[in-house]
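Here are the chains, one letter per residue:
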Amino acid sequence: MAAAAGAFSLREVLSAFQAAVTERREVLLGPYLRGWRGLVRFLNSLGAIFSFISKDAVAKIQIMESYCGGERQEEYRTLQSMVAYELASGLVDIQRRSEHPDSGCRTLLRLHRALRWLQLFLEGLRTAQEDSKTSTICTDSYNASLAAYHPWVIRKAATVAFCALPSRNAFLEIMNVGTPEEAVVMLGDALPHISSVYGITEELYAQHKLLNLP
Ligand SMILES: CCCCCCCC/C=C\CCCCCCCC(=O)N[C@@H](COP(=O)(O)O)[C@H](O)/C=C/CCCCCCCCCCCCC
């Protein structure tokens, strides 16, 4: 069922990640960032308690959008072209943040780590029991991914914010993609594409030793 005109559709948001992967397994940064924009819009609908999270995500998305729409935008059409261009041009701070503190490679890596959280969170939502708590699924997904890269104070603030999340079935309802059963099917459709984007990025960053950019 197509979303009502103007209605916000998570189905369309998650389909952006499917559109991001080309037949040659390139990752198109346009659709990738559109997917993140849609996710942040949904996050903002969950309440002000998550604003510290969405503000950081928006800042990183805006950095990437400035590259993708800037004077060297052809170099930022894909993840692969971005990495090749920034490395060849010496635009990435490898050891410590200095001349290029907000390189595309570094900024994208932060979103990439968050995409791992999303992958785990959506899989947890999809497979959890009806009476599960979204806060538990979210915390477990966070602790298995992003938490490793955050200082204690961020980890504490995040896990406190997660407590504001509704039950699993209530969360599936507010996703506004139909019944909880229909939401589970939609998550099952979307997850392989999110996993594909994540896997391609992880492989590329590992190949160029970019997984620990400061
Ligand atoms: C289909 C269902 C959708 C489910 C809802 C998904 C909505 C999620 C939208 C955005 C996800 C959050 C993206 C967070 C990006 C954080 C990037 C990051 O790690 N930033 C830190 C490092 O950056 P630098 O300092 O090195 O530049 C930054 O220091 C920390 C910022 C504070 C936020 C960190 C907490 C992240 C929690 C992620 C879980 C979000 C839970 C949403 C609740 C559903």
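Residues numbered from 1 in each chain as written. Predicted model: local features only at pLDDT ≥ 70, side-chain atom pairs only at ≥ 80, totals over all residues. Heavy atoms only, no water.

## Some details on the overall build of the protein
Phase 1: Along its length, the protein carries nine helices and zero strands.
Phase 2: The order of helices and strands in the protein, counted from the N terminus, is α-α-α-α-α-α-α-α-α.
Phase 3: Relative to its length of 214 residues, the protein is compact, with a C-alpha radius of gyration of 17 Å against a globular reference of 17 Å.
Phase 4: A principal-axis box enclosing the C-alpha atoms of the protein has dimensions of 50 × 40 × 30 Å. (Helix = DSSP H or I, 4+ residues; strand = E, 2+ residues; numbered from the N terminus. Rg over C-alpha atoms; globule rule 2.2 N^0.38 Å.)

## Looking at the packing of helix α1 (residues 10-19) against helix α2 (residues 29-45)
Phase 1: Where α1 meets α2, the axes come as close as 7 Å, and the angle between the chain directions of the two elements is 155°. As summarised for this structure, α1 and α2 are arranged roughly antiparallel, according to the angle between their axes. For the pair α1 and α2, the sense of crossing is left-handed. The residues of α2 that touch α1, namely those facing Leu10, Val13, Leu14, Ala16, Phe17 and Ala19, are Pro31, Tyr32, Arg34, Gly35, Trp36, Gly38, Leu39 and Phe42.
Phase 2: Here the contact of α1 with α2 is built from residues that sort into eleven nonpolar, two polar and one charged. (Axes fitted to C-alpha atoms, helices over the stretch in contact; angles between N-to-C directions. Parallel < 35°, antiparallel > 145°, perpendicular 65-115°, else oblique. Left-handed = near helix turned anticlockwise from the far one by under 90°. Contact = heavy atoms within 4.5 Å. Nonpolar A, V, L, I, M, F, W, Y, C, P; charged D, E, K, R; others polar.)

## As for the side chain of Asp93
Phase 1: Inspection of the secondary structure puts Asp93 in the loop between α4 (79-88) and α5 (104-127).
Phase 2: No salt bridge is formed by the buried Asp93. Its closest oppositely charged neighbour is Arg97, at 6.2 Å.
Phase 3: Of the polar contacts made by the side chain of Asp93, one reaches the backbone nitrogen of Ser98; its length is 2.6 Å.
Phase 4: One polar contact links the side chain of Asp93 to the main-chain amide nitrogen of His100, over a distance of 2.8 Å.
Phase 5: Not counting residues within four places of it along the chain, the set of residues in contact with Asp93 comprises Ser98, Glu99, His100, Pro101, Leu213 and Pro214. (Buried < 20%, exposed > 50% of the residue type's maximum accessible area, 1.4 Å probe, protein only. Lys, Arg positive; Asp, Glu negative; His and termini not counted. Salt bridge = Lys/Arg side-chain N within 4 Å of Asp/Glu carboxyl O. Polar contact = N/O pair within 3.5 Å; in protein donor to acceptor, adjacent residues only side chain to side chain.)

## Here's the deal with a negative patch on the surface
Phase 1: Taken together, Glu130, Asp131, Glu173, Glu181 and Glu182 make up a surface patch of like negative charges.
Phase 2: The topology assignment puts Asp131 in the loop between α5 and α6 (134-143). (Patch = residues over 30% accessible without salt bridge, like charges linked within 9 Å, V, L, I, M, F, W, Y side chains within 5 Å. Areas by Shrake-Rupley, 256 points an atom, 1.4 Å probe, with all protein chains shown as cover. Charge placed at Lys NZ, Arg CZ, Asp CG, Glu CD.)

## Notes on unusual backbone geometry
Trans is the common state for peptide bonds, and a negative phi is the common state for residues other than glycine.
Phase 1: One non-glycine residue, Arg25, lies in positive phi territory at about 60°.
Phase 2: When you line up the elements, Arg25 lands in the loop between α1 and α2.
Phase 3: Look at Arg25 and you get partly exposed, because its relative accessible area is 43%.
Phase 4: Within the chain, Lys209 stands out as a residue other than glycine whose phi angle is a positive 55°.

## What to know about the UniProt feature "domain: Glycolipid transfer protein" (unreviewed entry) in the protein
Phase 1: In this numbering, the UniProt entry assigns the feature "domain: Glycolipid transfer protein" (unreviewed entry) to residues 29-176.
Phase 2: For the annotated span residues 29-176, helix accounts for 66% and strand for 0% of the residues, and the straight-line distance between the end C-alpha atoms is 26 Å. (UniProt positions renumbered as here; feature names shortened; annotations may be inferred.)

## A short note on the nonpolar core
Phase 1: Among the nonpolar cores identified, the biggest contains 63 residues, and Tyr32, Trp36, Met82, Leu115, Leu122, Met175 and Tyr205 are the most heavily contacted of them.
Phase 2: Apart from the residues lying within four places of it in its own chain, the contact partners of Leu115 are Phe17, Tyr32, Trp36, Ile194, Val197 and Tyr198. (Core = buried A, V, L, I, M, F, W, Y, C linked by side-chain atoms within 4.5 Å.)

## As for the site of the ligand
Phase 1: Looking at the ligand, there are 24 residues lining it, with Asp56, Lys60, Arg106, Arg110 and His150 nearest.
Phase 2: The separation between an oxygen atom of the ligand and a polar side-chain atom of Lys60 is 2.9 Å.
Phase 3: Coverage of the ligand by the protein amounts to 91% of the 970 Å² it exposes when considered alone.
Phase 4: Breaking the shell around the ligand down by element, the ones donating at least two residues are α1, α2, α3 (51-68), α5 and α7 (152-162).
Phase 5: A per-element tally of the shell around the ligand places α5 first, with six residues.
Phase 6: Of the residues assigned to the shell around the ligand, the class counts are 19 nonpolar, one polar and four charged. (Near = heavy atom within 4 Å.)

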